[in-house]
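This is what each chain is made of:
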Amino acid sequence: MLEINNLHAELESDAEVTILKGLTLSIKPGEVHAIMGPNGSGKSTLSYVLSGKDGYSVTAGSAMLEGVDLLEMEPEERAAAGLFLAFQYPVEIPGVGNMTFLRTAVNAQRKARGEEELSAGDFLKEVRATAKDLQIDADMLKRPVNVGFSGGEKKRNEILQMAMLEPKMCILDETDSGLDVDAMKLVADGVNALRSENRSFLVITHYQRLLDHIKPDFVHILADGKIIKSGGPELALQVENNGYADLLAGAA
Amino acid sequence: MTALDKIEVKEGVDQDTVDAVTALSGNYKYGWETEIEMDYAPKGVNPDIVRLISSKNEEPAWMTEWRLQALTRWEQMTEPTWAMVSYPKIDFQDIYYYARPKSMAVKPKSLDDVDPKLLATYAKLGIPLKEQAILAGVEGAEDMPAEGRKVAVDAVFDSVSVGTTFQAELKKAGVIFCSISEAIREHPELVKKYLGSVVPQSDNYYATLNSAVFSDGSFVYIPPGVRCPMELSTYFRINAENTGQFERTLIIADKGSYVSYLEGCTAPKRDVAQLHAAVVEIIIEEDAEVKYSTVQNWYPGDENGKGGIYNFVTKRADCRGDRAKVMWTQVETGSAVTWKYPSCILRGDDSQGEFYSIAIANNMQQADTGTKMVHLGKNTKSRIVSKGISAGKAQNTYRGLVSMHPRAKNSRNYTQCDSLLIGDQCGAHTVPYIEVKNNSSRVEHEATTSKVDDDQLFYCRSRGMDEEEAVALVVNGFCKEVLQALPMEFAMEAQALVAISLEGSVG
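Trainee: Describe the overall build of chain B, naming the residues involved and giving the relevant values.
Mentor: Looking only at helices and strands, one finds eleven helices and 23 strands in chain B. Out of the 507 residues in chain B, the part that is buried amounts to 63%. Taking the contacts inside chain B whose residues are at least 6 apart along the sequence as the reference set, 84% of them involve residues at least 24 apart. Element-wise, carbon and sulfur atoms account for 48% of the exposed surface of chain B, whose accessible area totals about 18800 Å².

Trainee: Requested: an account of the overall build of chain A, with residues and values cited.
Mentor: Each helix and strand counted, chain A has ten helices and twelve strands in total. Across the 252 residues of chain A, 53% fall into the buried class. Surface exposure of chain A reaches about 10800 Å², of which carbon and sulfur atoms provide 48%.

Trainee: Let's hear about the nonpolar core: which residues, and what values?
Mentor: Among the nonpolar cores identified, the biggest contains 87 residues, and Ile4, Leu46, Leu50, Phe101, Met162, Phe201 and Leu202 of chain A are the most heavily contacted of them. What phenylalanine 201 of chain A contacts, discounting residues up to four positions off in sequence, is Ile27, Glu31, Val32, His33, Met162, Met169, Cys170, Leu172, Val191, Leu194 and Arg195 of chain A. Formed by 60 residues, the second largest nonpolar core is a distinct cluster that contains Ile53, Ala70, Tyr122 and Ala336 of chain B.

Trainee: Describe the sheet that holds strand β5 (residues 68-69) of chain A, naming the residues involved and giving the relevant values.
Mentor: Residues and elements named next belong to chain A. Across the sheet, which stays open at both edges, the four strands sit in the order β2-β1-β4-β5 with antiparallel pairing between neighbours. Edge positions in the open sheet fall to β2 (18-27) and β5, since each of these has one partner strand only. When strand β4 (residues 56-65) meets β5, the two strands line up antiparallel, connected through two bridges. Each residue of the ladder has a partner; that of leucine 65, found in β5, is valine 68. Running at roughly 105° to strand β1 (residues 2-11), helix α1 (residues 43-51) makes contact with β1, β2 and β4 of the sheet.

Trainee: How would you sum up the pattern of salt bridges? Please name residues and give values.
Mentor: Residue and element names in this part refer to chain B. On inspection of all chains with the given rule, the structure shows 31 salt bridges over all chains. Across the salt bridge formed by arginine 323 and aspartate 287, the nearest N and O atoms sit 2.7 Å from each other. With arginine 323 in the loop between β13 (309-319) and β14 (325-332) and aspartate 287 in the loop between β11 (279-284) and β12 (289-296), this pair connects stretches of sequence that are 36 residues apart. The partly exposed category is assigned to aspartate 287, whose relative accessible area is 39%. Salt-bridge contacts for glutamate 435 lead to lysine 437; the nearest nitrogen and oxygen are separated by 3.9 Å. Taking relative accessible area as the criterion, glutamate 435 reaches 35% and is therefore assigned partly exposed. Looking at lysine 437, the relative accessible area reads 48%, which means it is partly exposed.

Trainee: Quick rundown of the interface of chain A and chain B? Include the residues and the values.
Mentor: Chain A puts 31 residues into the contact, and the matching count from chain B is 20 residues. Summed over both partners, the interface of chain A with chain B comes to about 2100 Å²; 62% of that surface belongs to carbon and sulfur atoms. When the area that chain A buries against chain B is broken down by residue, the three leading residues are Glu76, Phe87 and Val91 of chain A, summing to 23%. Where chain A meets chain B, there are four salt bridges. The partner of aspartate 455 of chain B in a salt bridge is lysine 53 of chain A, with the nearest N and O atoms 3.0 Å apart. Those elements giving two or more residues to the side of chain A that touches chain B turn out to be α1, α2 (75-81), β6 (83-86), β7 (93-97), α3 (98-112) and α6 (151-165) of chain A. Tallying contributions element by element places α3 of chain A first for the side of chain A that touches chain B, with seven residues.

Trainee: Outline the side chain of aspartate 302 of chain B, listing residues and values.
Mentor: All names here are of chain B. Looking at the element boundaries, aspartate 302 is found in the loop between β12 and β13. An unpaired buried charge is present at aspartate 302: no salt bridge exists, and lysine 306, the closest side chain of opposite charge, is 6.1 Å distant. Polar side-chain contacts of aspartate 302 include one of 2.8 Å to the backbone nitrogen of lysine 306.

Trainee: A description of the sheet that holds strand β12 (residues 226-231) of chain A should follow, citing residues and the corresponding values.
Mentor: To summarise the sheet geometry, strands pair through backbone hydrogen bonds and adopt either a parallel or an antiparallel arrangement. Residue and element names in this part refer to chain A. Taken in spatial order, the six strands line up as β6-β9-β10-β3-β11-β12 in an open sheet, and their pairing is mixed. Looking along the sheet, the strands with just one partner apiece sit at the ends: β6 and β12. This sheet shows a mean twist of 20° between the axes of neighbouring strands, independent of strand direction. Of the strand pairs in this sheet, β6 and strand β9 (residues 169-173) are connected by four bridges, and their pairing is parallel. Looking at β9, one finds that leucine 85 is bridged to isoleucine 171. Strands in contact with helix α9 (residues 233-242) are β3 (32-36), β11 (218-223) and β12; relative to β11, the strand with the most contacts, it is inclined by about 45°.

Trainee: Run through the environment of asparagine 204 of chain B, naming residues and quoting values.
Mentor: All names here are of chain B. Relative to the helices and strands, asparagine 204 resides in the loop between α7 (188-194) and α8 (205-213). Using a relative accessible area of 13% as the deciding quantity, one classes asparagine 204 as buried. Counting along the chain gives 126 residues from asparagine 204 to threonine 78, while the straight-line C-alpha distance between them is 9.2 Å. Every residue in contact with asparagine 204, bar those within four places of it in the chain, is listed here: Met77, Thr314 and Trp339.

Trainee: If you had to explain the packing of aromatic side chains to someone new, which residues and values would you point to?
Mentor: Two aromatic rings, taken as a pair, are described by how far apart their centres are and by the angle between their planes. All names here are of chain B. Applying the stated criterion across every chain, the model contains 24 aromatic pairs over all chains. On the numbers, 5.4 Å between centres and 90° between planes, the contact of tyrosine 205 with tyrosine 206 is edge-to-face. Its guanidinium or amino end placed over the ring of tryptophan 32, arginine 237 lies 4.4 Å from that ring's centre, counting from NZ or CZ. Positioned above the aromatic ring of phenylalanine 214, the side-chain terminus of arginine 248 is 5.8 Å from the ring centre.

Trainee: Help me get a handle on the environment of proline 406 of chain B, residues and values and all.
Mentor: All names here are of chain B. Mapped onto the elements, proline 406 comes out in the loop between β20 (395-404) and β21 (412-421). The exposure class assigned to proline 406 is partly exposed, which follows from its relative accessible area of 44%. Each C-alpha atom, one on proline 406 and one on asparagine 439, is 8.5 Å from the other, the two residues being 33 residues apart in sequence. For proline 406, the residues in contact, after removing those within four places along its chain, are Lys437 and Asn438.

Trainee: Go over unusual backbone geometry with me, naming the residues and quoting the values.
Mentor: Non-glycine residue glutamate 166 of chain A carries a positive phi angle of around 50°. Mapped onto the elements, glutamate 166 of chain A comes out in the loop between α6 and β9. Glutamate 166 of chain A gets classed as exposed once you look at its relative accessible area, which sits at 51%. We note that phenylalanine 166 of chain B has phi near 60°; this positive angle belongs to a residue other than glycine.

Basis of the calculations
Residues numbered from 1 in each chain as written. Chains lettered and ligands numbered in written order. Predicted model: local features only at pLDDT ≥ 70, side-chain atom pairs only at ≥ 80, totals over all residues. Heavy atoms only, no water. Helix = DSSP H or I, 4+ residues; strand = E, 2+ residues; numbered from the N terminus. Buried < 20%, exposed > 50% of the residue type's maximum accessible area, 1.4 Å probe, protein only. Contact = heavy atoms within 4.5 Å. Areas by Shrake-Rupley, 256 points an atom, 1.4 Å probe, with all protein chains shown as cover. Core = buried A, V, L, I, M, F, W, Y, C linked by side-chain atoms within 4.5 Å. Pairing = 2+ DSSP bridges. Axes fitted to C-alpha atoms, helices over the stretch in contact; angles between N-to-C directions. Salt bridge = Lys/Arg side-chain N within 4 Å of Asp/Glu carboxyl O. Buried area = accessible area lost by both parts, 1.4 Å probe. Lys, Arg positive; Asp, Glu negative; His and termini not counted. Polar contact = N/O pair within 3.5 Å; in protein donor to acceptor, adjacent residues only side chain to side chain. Phe/Tyr/Trp six-rings, centres within 6.5 Å; stacked < 30°, edge-to-face > 60°. Lys NZ or Arg CZ within 6 Å of the ring centre and 35° of its normal.

What follows is the structure in structure tokens.
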């Protein structure tokens, strides 16, 4: 599904700052991978570079989604190709109804893929059903995108978008940040409901606790722009119990 | 009823939009007439009529002179023809220039003394002339805290102001809010200093006519450092037949002051077109801010273009001091023909002008509207967001000027104009004029994106929208925010406008 090979990236504004220093990762269809790492290890940069945010330049390496070069594409092309990033800090868009936003996005992707646009009726039906599972009420669908949403509401809204856009490769960037246990469980249930053999996940997180709810197949430790250790779910527990210090020391 | 039910709707036009346009322009709710005895000046315009209007208003000699000067100039001018509107030639001698309810012959001492018929008229329009905290007919208003929701109203009926509410309370804050005729009598020093200083007598054909024959209007003065304690508003009602309404509004925001002002306007359905030629002048001193909102809902004429108001209006704000700010918001749904360009003179350094407009034209309506942003001072900023929506056989033109003068270093403008055609017999036109006379200023067009927040754009694009679609979505959202911020007292319409999307927009 996603093949990242020897990825190097630096800040466009400051070429002195290299953030990713040769990251290699292979995710197969249906797999859930978790990337854990201390602050500043490059976790969020990875999600931005993959989704095409301005401000980073890739100096070496590659990232392929189902054999197609992601890095050559515009952000919207990556989205249409099946990539989805659940933002750590979902952006507020005043004046734009959540429903309008979703429908515009869904239809933009369908159009890009040469599919017919979803009719208003079908869209409404689907959105209502999906929203219900995520305990997103009608009011939240009408409100402007993320404006005045609580932390939990914002993250549930990300998952709602994910569910409606039906991506193949989902990246969750610190989706657990700012959530209490109940909110996290709700979000995790939403994600778990979307797990399938054709859909892969990359869960980026600082803490192990999210991985109690979204059980990963593989866990990778990211430090200083590289994956320094990979393993199964037990690796996350090791971080939980001993922190990153041991792992970092081991790598050095 | 002017039916939009039968209207042709092109494919791809959002149904909510069609519904909103239908609701707004389908059925003119304010077309009824008040039966009331009126005093008219003889038809036509000449020095005697001007003197008569001046004497009815008990004006000092200098004011009469000023009017007569204007009339002399006007007689030498010709009607402008550059606007993209067409209408039968107006016979300016076949119009009543002054019409006053008989009961207003003796000025009412207080609102309690105002003719009950007039009070009933405004009550029916949803503008009761009582000093109540909120105006009737505002959805959800009862849930709002009464404090801060007060609205003072000056009610203009044909040629005269029939009353102004909350004057005493405003006076406590130092704010003067009264009819312009009262201001000419009571505050001649202010009127003399500022009248005609933003829109000169000879500015244009209609403004010059207005300078000669204006009969009433509103006057606002906010003293230095005062934040006006409530919204101010004027409600214009044309009732009399064959009568033109020529009102004049003068707003002065002294240093560091703030005021939000709203005007609304309606007229009965009549088969003969009527002229409305107003002038609004706003003076904004250093660090002061004025928000001026208009909900224009004059009778638009019937579906065959019979009747309706010719709305030929000159509105201009002069940001005289540094860091002065002005924001024009207009919702234009009425009038048979509109000719109107609320403008900003950005004279003070770091001053800012904003113009937000939504113009909906249906049936045979014609609108030629836009703004002028004249950048004179350094680091001045302006923003123009205009939406034109046309249905039926209507023609909707955006006409705008952005001018950066040599001294206006590092100034910026952002303009976005969208038009939506509902149906295939209407028209939309965009006529932008741009003059840049220095090399450090930036004029940005709708296609550029630097004013839109990068994070918002990336968020939209990461969900699959292309850049253009993302910009349009974010800017439209912004525009809706502006509409929602409109004081809603007069504007149930504006709430409906929020439903409008420009999906299927033609650029």
